[in-house]
Amino acid sequence: MKSTFLTTLTVLLFFSFNIKAQSDAKAQNLISEVLSKVKAYDNIQVEFSYILENTQEKLKQETRGSLSLKDEKYLLNLMGTTQLFDGEKIYTIIPEDEEITISNYNPENDNQLTPSKMLTFFEEGYIYKNDILQNKDGRKIQYVKLIAKDSEADMQEALIGIDQMTKHIYNLIQSQDNGTRIEIRVTKFKPNQPLSTNMFSFDESRYPDYYINNLD
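Residues numbered from 1 in each chain as written. Predicted model: local features only at pLDDT ≥ 70, side-chain atom pairs only at ≥ 80, totals over all residues. Heavy atoms only, no water.

(A) Geometry of the overall build of the chain. The helix and strand inventory of the chain stands at 2 helices and 12 strands. N-terminal to C-terminal, the α/β element order of the chain is α-α-β-β-β-β-β-β-β-β-β-β-β-β. Of all intrachain contacts in the chain linking residues separated by at least 6 positions in sequence, the fraction that spans at least 24 positions is 47%. When the accessible surface of the chain is totalled, it reaches about 14,000 Å², and 49% of it is carbon and sulfur. (Helix = DSSP H or I, 4+ residues; strand = E, 2+ residues; numbered from the N terminus. Contact = heavy atoms within 4.5 Å. Areas by Shrake-Rupley, 256 points an atom, 1.4 Å probe, with all protein chains shown as cover.)

(B) Main features of a negative patch on the surface. Taken together, the side chains of Glu 96, Asp 97, Glu 98 and Asp 209 define an acidic patch exposed on the protein surface. Take Asp 97: it is sitting in the loop between strand E5 (89-94) and strand E6 (99-104). (Patch = residues over 30% accessible without salt bridge, like charges linked within 9 Å, V, L, I, M, F, W, Y side chains within 5 Å. Salt bridge = Lys/Arg side-chain N within 4 Å of Asp/Glu carboxyl O. Lys, Arg positive; Asp, Glu negative; His and termini not counted. Charge placed at Lys NZ, Arg CZ, Asp CG, Glu CD.)

(C) Region of interest: the sheet that holds strand E12 (residues 211-214). Strand order in this open sheet of 12 strands is E7-E8-E9-E10-E11-E1-E2-E3-E4-E5-E6-E12, and the pairing throughout is mixed. With one partner strand each, in any of the chains shown, strand E7 (126-136) and E12 form the two edges of the open sheet. Looking at each pair of strands side by side, their axes are set apart by 20° on average, direction ignored. Pairing of strand E8 (residues 139-148) with strand E9 (residues 157-163) involves 7 bridges; the strand directions are antiparallel. The residue of E9 that forms the bridge with Ile 141 is Asp 163. Here helix H2 (residues 25-40) sits on the sheet and contacts strand E1 (44-54), E7, E8, E9 and strand E10 (169-175); the angle it forms with E7, its principal contact strand, is near 85°. (Pairing = 2+ DSSP bridges. Axes fitted to C-alpha atoms, helices over the stretch in contact; angles between N-to-C directions.)

Dropping the structure here:
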C-alpha cells in the first residue's frame, strides 16, 4: 500500500513538473530575448514613472525619473536626487541639502540592487510564468510573473510587462502585503545614444559649497 502511494506520488510530481516546464517555456524564451537585446546595446537611456498606490489608504504618488546606463556605470535622477556610479564609487547628490555622499560599491553583495541592474535584475533567482496579454495604447504587452526561488528574497513575486514587438520592458509591477502597489513604467527607451565622455565621472569642483560625506 505504502509502495503504491509513493509510486503514484512520484508520477504526479513528475507529471506536474513537466506541465510546469512546458507552460513556462514561452515565458523563459521571451525573457531570454529581452535580456539578449538589452545586453547587445552599447548604452541605454530611459525615462520612467515611479508610481506608488494604496487604494485603502487613498494614496497615489507618481514621480518621474531618468536613467542612463553604460556597462555597469549609471546616472540616475529621481525625486530631486542624482545618483552616479563611475564603476567604483557611488555618488549620491542631494541639491536640496547641498550634500553629497560617496560610498563604495561591493560587487560581491548580490542583494545590492543598483540601477545598472534595473533592466536585468530578473536574470537569476526567479522562475518565469506566462501571465496576461494586454493592449496598452495600441501595443501588445505580454506579462510574465516572476516568482522568487529563495523564500527569503525581498521581492517574492512581481509582474514584468514586455512589448511583444520591440522586446523592450514596458513596466514592472509589485504588489505588497499591505495593499501597496508599486509600478515602474518606462515612458522612453533610447538605446545607443551619443553620450558625453564625462557623463559618468564625478567632478567635485561643480559643487563648491556642498558638504561631502565620504563613507570610505
